[in-house]
Amino acid sequence: MEKRAHGFFGRRDMDMTQGGIVSNLLKFAFPLLLGNFFQQLYNMADTWVIGQTGENGAYAAVGSVGPIVNILIGLFSGLATGAGVVISQYFGAKDREKVEKTVHTALLLTLILGAAFTALGVLATPRVLHLMLQTEGESGEVYPFARRYLTIYFYGLFSMMFYNMGAGILRAIGDSARPFYFLVAAAVTNTGLDLLFVFVFDMGVAGVAWATVIAQTLSALLTLLTLLTTRSAVRFSPKKLRLHGDMLRRILVIGIPSAIQLALTAFSNVFVQSYIAHVNGSQTENLGGWTTYTKLDQLIFLPMQSLSMAVTTFVGQNCGVRDIKRAKKGTRVGLLCALSITGVLIILMELAAPSLSKLFNGDPAIVANASLLLRVLTPFYVCCCVNQILAGALRGSGDSTAPMMIMLCCFVGFRQLYLFIMSHYISNDLLPMALGYPTGWMLCCLCITLYYHFFGYRKYRLPA
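Here the structure is a predicted model, which means the values were calculated and not measured.

Quick notes on the rules
- Residues numbered from 1 in each chain as written.
- Predicted model: local features only at pLDDT ≥ 70, side-chain atom pairs only at ≥ 80, totals over all residues.
- Heavy atoms only, no water.
- Patch = residues over 30% accessible without salt bridge, like charges linked within 9 Å, V, L, I, M, F, W, Y side chains within 5 Å.
- Areas by Shrake-Rupley, 256 points an atom, 1.4 Å probe, with all protein chains shown as cover.
- Salt bridge = Lys/Arg side-chain N within 4 Å of Asp/Glu carboxyl O.
- Helix = DSSP H or I, 4+ residues; strand = E, 2+ residues; numbered from the N terminus.
- Expected span 1.5 Å × (residues − 1).
- Buried < 20%, exposed > 50% of the residue type's maximum accessible area, 1.4 Å probe, protein only.
- Axes fitted to C-alpha atoms, helices over the stretch in contact; angles between N-to-C directions.
- Parallel < 35°, antiparallel > 145°, perpendicular 65-115°, else oblique.
- Contact = heavy atoms within 4.5 Å.
- Nonpolar A, V, L, I, M, F, W, Y, C, P; charged D, E, K, R; others polar.
- Left-handed = near helix turned anticlockwise from the far one by under 90°.

(A) Spatial organisation of a nonpolar patch on the surface. The grouping of Trp48, Tyr155, Leu195, Leu196, Phe199, Val200, Phe201, Met203 and Trp210 at the surface amounts to a nonpolar patch, some 850 Å² of accessible area in total. Considering every element that reaches the nonpolar patch, the biggest residue donor is helix H7 (residues 177–200), with four residues. Mapping Tyr155 onto the fold places it in the loop between helix H5 (143–153) and helix H6 (157–172).

See below:
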């Protein structure tokens, strides 16, 4: 693996077309894994702090708003994925000029969409919450807290979007270390402010929301400073901001399918949340148990998601030099690593489900619901490893349409059909409804494996 102090590869860039595959993937994925862990600390810290106040309605609110946030974040993250794939392919092909054009096109697109999404999020919050929680006006155990939290949260959406795009640009050239450092700084800031605002200033859900906004702004500023001062091909110069038509088209061709998939899956989860909110029993206890489960669920996903992003960059760079054999081998190695790490986490979750659940909220009913969900659902995460790694490989090769179609059919279409039939004709209890998730994962695992085996890399086109 070649590193240079100056020139195209810069100090922290990683040329993944050379060197050992395992070392390349793990060296890239490890800081990414730690970074994703600290990113999860944003919402986990919010949830934990609120959980210690004894306000179960506020606890359920902070944990249940994730699907709403993820709709807008999913739209933008898909576009960021498109930009990252284009940059990684041009980087692998050693085309500095096109890397620079793609970077400035992506950052200007971020500025435009950041302002639009922030306004949309603030304006749409009440309507989407009513849809998800099935409430009218300001009524309900959860709604008032959820609206207060989300309205403030969306003020920091632009900062989150800029960080995600900037970090994606750095990762596309193999630099996963600095985005990790920035997330550590932001997570520590967020946690400290959570404790200060809630336990000292007694600000409740507003306090944890403002803590998150401030922390997100810090990570965005650190990313901006890095892009302004780096010596590599991704250096940002404000006077070069421009929507280059050819680069924008490539970003959109790869990014829009990913954006549609992520946004619609998140929107589908709003309906899942609605079903969970109205299963038999207490809404607060059911949503509280679901909230705890989803926080721990996010931790299980971290290794496979990090390795998926590593595989995307690895495949993108190697497709840039037409080394498809190496790209396929990297995919196999990434999948094996994901399955091994996730297997260990599954065992830990099975053994320690009640103890881990109590860390977030000690209410016995909430702990019981969360433990039940963890013990039944976690073995199926092996399917998620296959879905994440193969989808990442296909996107790295430039084929983002197939993963989009497969995941939309399994995670949106099939899951919504399952929930409707289950709730209306079979059982409206918590566990049968929650099983809609693993059934979708298994179907997706089968479909994406078959597609990758028969059609993987056929749609790859070398950057023009």
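Next comes the rest of the write-up.
(B) Molecular detail of H6. Taking 1.5 Å of rise per residue, 16 residues should cover 22 Å, and H6 covers 22 Å from first to last C-alpha, within 8% of that figure. Counting buried residues in H6 gives 15 out of 16 residues, a clear majority hidden from the surface. At the C-terminal side of H6, Gly174 shows a positive phi close to 95 degrees.

(C) Structural context of the packing of helix H9 (residues 245–277) against helix H10 (residues 283–320). Relative orientation of the contacting elements H9 and H10 amounts to 135 degrees, with a least axis distance of 9 Å. On the basis of their axis angle, the class for H9 and H10 is oblique. In contact with Val272, Gln273, Ile276 and Ala277 of H9, H10 contributes Gln283, Asn286, Leu287 and Trp290. Within the contact of H9 with H10, the residues separate by chemical class into five nonpolar, three polar and no charged.

(D) Structural context of the packing of H5 against helix H8 (residues 204–229). One can describe the packing of H5 onto H8 by two numbers: an axis separation of 8 Å at closest approach and a directional angle of 20 degrees. By the criterion of interaxial angle, the relationship of H5 to H8 is roughly parallel. For the crossing formed where H5 meets H8, the hand is right-handed. Across the interface between the two elements, Phe145, Arg148, Tyr149, Ile152 and Tyr153 of H5 pack against Val205, Ala206, Val208, Ala209, Trp210, Thr212, Val213 and Gln216 of H8. A per-class count over the contact of H5 with H8 returns 10 nonpolar, two polar and one charged.

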